[in-house]
Amino acid sequence: MKILITLILTCISLTVYSQNVTIPADYEAKQNLRELGSRDGLGNVKTFDSRYEGVKGSPFIFEAWRNGEVFLSDKKRVFFNDMNYNSFQNEIVYLEVGSNRAMVMNKYLVDFFRLYGEDTLTFVPLQLPGESDRIFAQVLYNRNSLVYKIYKKEFLNANYEGGYSAERRHDEFVDKYDLFFRKHGEDVLYKVKRSKKYMISAFPDHSREISKFINSNKLKFKDEADVMALMKYYDEL
């Protein structure tokens, strides 16, 4: 059992970082799509063999492709009819009009991007502690402080042979995510943990208030709602 993933990578060494999730007025709302894909050497093409029956799930965060818009570092922006985010390989992917080929955008040219649907989701690049490359994260909360969600995919190989097998008869992409927050006026990125003690320690100047709020609202930090509630309270102190 195996997955055929053909990957042709062309890397351009550019450093781009943005926390701003509003649309600046100087973004030009046009761009030649050929400049963003593989034909001029700024990106690459990926083929994912979805015909393989032994695979459950996909590397993309959404099953259905969405309308999307990318805001580039040269202050241009471009709209896509079919766009998705490959969280397994940290790639922004769109379907080329006409050929319907999956094209991978050069992420180093991107300030931030949005995916549209029932909700508008904004993704910005983050540099995580200890990581050499930036990764795109959804902005869940954006007031004085910020809360980010980083989508992840774990690939599990089929395991059903032998006496101690897991009886898993499919290769599978499993959805996971991490949550981070950044306090107003700080450049420190905190990873959310389910430890009350750890979460309180991130607010040394308001530890008593934060502890009382966590207890009174029975926050367990198992999901994003608890983190957003805490940061909203902190911003109002």
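Residues numbered from 1 in each chain as written. Predicted model: local features only at pLDDT ≥ 70, side-chain atom pairs only at ≥ 80, totals over all residues. Heavy atoms only, no water.

Caption draft 1: Structural detail: the confidence of the model for the chain. When the pLDDT values of the chain are averaged, the result is 81; 74% of them are 70 or greater. Scored below 50 in pLDDT, residues 1–20 shows 57 contacts in the model against residues more than four places distant or in partner chains. Here residues 38–43 scores under 50 on pLDDT; set against residues more than four positions off or in separate chains, the count is 20 contacts. (pLDDT = per-residue confidence, 0-100. Contact = heavy atoms within 4.5 Å.)

Caption draft 2: How the structure looks around the pattern of salt bridges. As enumerated under the stated definition, the model contains 11 salt bridges in all. Of the charged contacts in the structure, one is a salt bridge between glutamate 96 and arginine 101, with a shortest N-O distance of 3.3 Å. Accessibility expressed as a relative area gives 34% for arginine 101, which makes it partly exposed. Lysine 191 serves as the salt-bridge partner of aspartate 178, at 3.9 Å between the closest nitrogen and oxygen. Placement of aspartate 178 in strand β12 (residues 171–182) and of lysine 191 in strand β13 (residues 190–191) is noted, with a sequence separation of 13 residues between them. (Salt bridge = Lys/Arg side-chain N within 4 Å of Asp/Glu carboxyl O. Buried < 20%, exposed > 50% of the residue type's maximum accessible area, 1.4 Å probe, protein only. Helix = DSSP H or I, 4+ residues; strand = E, 2+ residues; numbered from the N terminus.)

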